[in-house]
Amino acid sequence: WQELRNLWRNLVQTLPLIGFGLLALATAWILTIWVKRGGVHLLRRRLPSPLLVNVVSWILAAPILLMGIYLLLRIAGLTQLALTVLGGTGVAGLVIGIAFRDIAENFLASILISIRNPFHTGDRIEVAGFTGIVQRVTTRGTLMMTLDGNHVLIPNATLYKSTIINYTSNPTRRMEFKVGIGYDAAITTAQAVIA
């Protein structure tokens, strides 16, 4: 009974600290949203890819949210837990990177594709044996509509490592095809018709 009373007394004493910590976390959350929206607004004109704008704005906003969580733990008196969270972030990142290697590879490839910008939405490209119109680039893959109307999602890691032929980037393009004419037809007349 005495132990329960002590726990209750400690809880009542720490309630203002927990409330203040939650207030700090809510403030950090609001600042995170504000920084993300501001980043999107500022970067939309400077970066060509919407995916790259979204990723960079989250990279700018995420430290504010992490600082809010750290302040919540510090104010609540959980200093050791706060240090463990900050120290474990690197270890957790390493473990997650190994466990989700393919996902991380596709995510990094999507960022590199957005930076290099070898094609735009609506371009006709050929990559990894598929020819089609680019619909959108996501963090996982690039969605294309093939010329026969099928949707194909090509992983960004595959796309980044493959040779990309962009048929839309140059407005003039040379094409080769064979035209057969009869043996009795005049070659100059056929050339004039073709021209």
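Residues numbered from 1 in each chain as written. Predicted model: local features only at pLDDT ≥ 70, side-chain atom pairs only at ≥ 80, totals over all residues. Heavy atoms only, no water.

A. Seen up close, unusual backbone geometry. Of note in this structure, Asn117 is not a glycine but carries a positive phi near 55°. Considering the arrangement of structural elements, one finds Asn117 in the loop between α4 (101-116) and β1 (124-127). The phi angle at Ala128 is positive, at roughly 55°, despite the residue not being glycine. Of note, Ala128 is situated in the loop between β1 and β2 (130-137). (Helix = DSSP H or I, 4+ residues; strand = E, 2+ residues; numbered from the N terminus.)

B. View of the pattern of salt bridges. Evaluated as defined, the whole model comprises two salt bridges. With its nearest N and O atoms 3.9 Å apart, the salt bridge here joins Glu176 to Arg174. An identical accessibility class is assigned to Glu176 and Arg174; each is exposed. (Salt bridge = Lys/Arg side-chain N within 4 Å of Asp/Glu carboxyl O. Buried < 20%, exposed > 50% of the residue type's maximum accessible area, 1.4 Å probe, protein only.)

C. Structural detail: a nonpolar patch on the surface. Taken together, the side chains of Met175, Phe177, Val179, Ile181, Ile187 and Ile194 make up a nonpolar region of the molecular surface, amounting to roughly 660 Å² of accessible area. With respect to the helices and strands, Met175 occurs in the loop between β5 (165-166) and α6 (187-194). Looking at Met175, the relative accessible area reads 56%, which means it is exposed. (Patch = residues over 30% accessible without salt bridge, like charges linked within 9 Å, V, L, I, M, F, W, Y side chains within 5 Å. Areas by Shrake-Rupley, 256 points an atom, 1.4 Å probe, with all protein chains shown as cover.)

D. Just the nonpolar core, in detail. If you look at the biggest cluster of nonpolar residues, it comprises nine residues: Ile113, Phe119, Ile125, Val127, Val134, Met144, Val152, Ile154 and Leu159. Those elements that place two or more of their residues in this core are β1 and β4 (151-155). What Ile125 contacts, discounting residues up to four positions off in sequence, is Phe119, Phe130, Thr131, Gly132, Val134, Met144, Ile164, Ile165, Asn166 and Tyr167. (Core = buried A, V, L, I, M, F, W, Y, C linked by side-chain atoms within 4.5 Å. Contact = heavy atoms within 4.5 Å.)

E. Layout of the environment of Ile111. Structurally, Ile111 is set in helix α4. Relative accessible area serves as the criterion here: at 16%, Ile111 is assigned to the buried category. Excluding residues within four positions of it along the chain, Ile111 makes contact with Leu52 and Val55.

F. Local environment of the pairing of β1. Burial of the side chains of β1 is restricted to one face: Ile125 and Val127 are buried, whereas none of Arg124 and Glu126 on the reverse face is. Connecting the antiparallel pair β1 and β2 is a turn made up of two residues, with Ala128 showing a positive phi of about 55°. Across two bridges, the pairing between β1 and β5 is antiparallel. Bridging from a neighbouring strand, Ile125 pairs with Asn166 of β5. (Pairing = 2+ DSSP bridges.)

G. Helix α2 (residues 50-75), seen in detail. Between the first and last C-alpha of α2 there are 38 Å, a value that for 26 residues agrees with the 38 Å anticipated at 1.5 Å per step. Where α2 bends most, the angle comes to about 30°, and this point is Ala61, followed within four residues by the proline Pro63. Along α2, the positions that sit buried rather than exposed are Leu51, Leu52, Val53, Val55, Ser57, Ala61, Gly68, Tyr70, Leu72, Leu73 and Ile75. (Expected span 1.5 Å × (residues − 1). Bend = angle between axes of the 7 residues up to and from the residue.)

H. Seen up close, the pairing of β4. Residues Val152 and Ile154 line the buried face of β4, whereas the alternating positions His151, Leu153 and Pro155 sit on a face that is not buried. Here five bridges tie strand β3 (residues 141-146) to β4, and the two strands are oriented antiparallel to one another. The residue of β4 that forms the bridge with Gly141 is Pro155.

I. Just the side chain of Ser57, in detail. The residue Ser57 is located in helix α2 in this model. A relative accessible area of 0% means that Ser57 is categorised as buried. Apart from residues lying up to four places away in sequence, Ser57 is in contact with Lys36, Gly39, Val40 and Leu43.

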